[in-house]
Amino acid sequence: MKGEIAAAVIFITRLIQKNNKLSGKLVKRFSERLSEALSERYANHWYSDEPTKGQGYRCIRINEFEPIDPVLQRVAEQCGINYDTLCLPQELTLWIDPCEVCCRFGENKGACCTIASFYDGVEENKAESIDIDMLIEQHNRLREHEMKIRAIGKRVNNNNQNRHNTVNVFKARMAAHLANESNNRNNNKLRTFHHHGHHQKLDQFHWQS
């Protein structure tokens, strides 16, 4: 667990350092306190035989619906740091599991990578060397592509809706037209009926006279 937590803390620390908003002293304090906080949090939620068990509890996540990770926020407060000055990505998921630490910038189709792995006694730790700028750039390209696709989908939906509305208007007008013709035919029949009835009464009157 120590190796996985250390890799995660180093990665998060590098993200914070990129923004140059905090002094080296504050960054170090945050890093040390975060390592302690994660060790305490994971103590009874670390399952080496089932790495995916408790994964949701252990992950650090920031997105549109959860813009502030509670663990990072608590550590920042304990260090006297305003959470906003951490300047963390708006969409970030960090999975800290037995034998592996992975991250994803963005949601769903984001830029993913393995930060560290510890399998069969072999340690591969890229927490200090992984190109964060490249990951962010890749995420931005994917996000831009996704936004274009959404915009196209929205235009298609609007066009379909407009066609649907046009069809509904046409149907309504046709229904009104047919109803009007039906009323006209009924009125004509009624006038013809009254006309014939009137002549029959006149013929009867002349015959009786």
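Residues numbered from 1 in each chain as written. Predicted model: local features only at pLDDT ≥ 70, side-chain atom pairs only at ≥ 80, totals over all residues. Heavy atoms only, no water.

What the protein contains, in helices and strands, is 5 helices and 5 strands. Put simply, the protein runs from its N terminus to its C terminus through helices and strands in the order α-α-α-β-α-β-β-β-β-α. Burial statistics for the protein: of 209 residues in total, 30% are counted as buried. In the protein, the proportion of contacts linking residues at least 24 apart, taken out of those at least 6 apart, comes to 59%. Split by element, the accessible area of the protein, about 14300 Å² in all, is 51% carbon and sulfur. (Helix = DSSP H or I, 4+ residues; strand = E, 2+ residues; numbered from the N terminus. Buried < 20%, exposed > 50% of the residue type's maximum accessible area, 1.4 Å probe, protein only. Contact = heavy atoms within 4.5 Å. Areas by Shrake-Rupley, 256 points an atom, 1.4 Å probe, with all protein chains shown as cover.)

Bringing the environment of M1 into the picture now. Along the chain, M1 turns up in the segment before α1 (2-17). Residues M1 and Y42, spaced 41 residues apart in sequence, show a C-alpha to C-alpha distance of 8.5 Å. The residues touching M1, leaving out its near neighbours within four places in the chain, are S39, Y42 and W46.

Right, let's talk about the side chain of D69 for a bit. Examined against the element boundaries, D69 turns out to sit in the loop between β1 (60-62) and α4 (70-78). A distance of 3.1 Å separates the side chain of D69 from the backbone nitrogen of V71, its partner in a polar contact. At 3.1 Å, the side chain of D69 forms a polar contact with the backbone nitrogen of L72. Every residue in contact with D69, bar those within four places of it in the chain, is listed here: C59, I60, R61, I62 and Y83. (Polar contact = N/O pair within 3.5 Å; in protein donor to acceptor, adjacent residues only side chain to side chain.)

Relative orientation of the contacting elements helix α2 (residues 24-42) and α4 amounts to 135°, with a least axis distance of 9 Å. On the basis of their axis angle, the class for α2 and α4 is oblique. Relative to α4, the crossing made by α2 is right-handed. Two secondary-structure elements touch here, α2 through F30, R33, L34, A37, L38 and R41 and α4 through V71, L72, V75, A76 and Q78. A class-by-class count of the residues in the contact of α2 with α4 yields 8 nonpolar, 1 polar and 2 charged. (Axes fitted to C-alpha atoms, helices over the stretch in contact; angles between N-to-C directions. Parallel < 35°, antiparallel > 145°, perpendicular 65-115°, else oblique. Left-handed = near helix turned anticlockwise from the far one by under 90°. Nonpolar A, V, L, I, M, F, W, Y, C, P; charged D, E, K, R; others polar.)

Okay, the sheet that holds β1 next. Each strand in a sheet pairs with another by means of backbone hydrogen bonds, the pair being arranged parallel or else antiparallel. What the 5 strands build is an open sheet, ordered β1-β2-β3-β4-β5; its pairing is antiparallel. Where the open sheet ends on each side, the last strands, each with one partner, are β1 and β5 (122-125). Ignoring strand direction, the axes of neighbouring strands in this sheet form an average angle of 15°. Pairing between β1 and strand β2 (residues 92-97): 3 bridges, direction antiparallel. Paired with R61 across the two strands is T93, which belongs to β2. (Pairing = 2+ DSSP bridges.)

With that settled, consider α2. Residues that lie three or four places apart on an α-helix share one face, since the helix turns once every 3.6 residues. Here α2 contains 19 residues, and its C-alpha end-to-end distance of 27 Å stays within 8% of the 27 Å for a straight helix at 1.5 Å per residue. Taken together, the buried positions of α2 are V27, F30, S31, R33, L34, A37, L38 and Y42. In this structure, the buried residues of α2 make contact with α1, α3 (55-58), β1, α4 and β2. (Expected span 1.5 Å × (residues − 1).)

Another point: the pairing of strand β4 (residues 111-119). Here strand β3 (residues 100-105) runs beside β4; their pairing, made up of 6 bridges, is antiparallel. Bridged to C102 within β4 is T114. With 4 bridges joining them, β4 and β5 adopt antiparallel strand pairing. Opposite S117, over in β5, you have E124 as the bridge partner.

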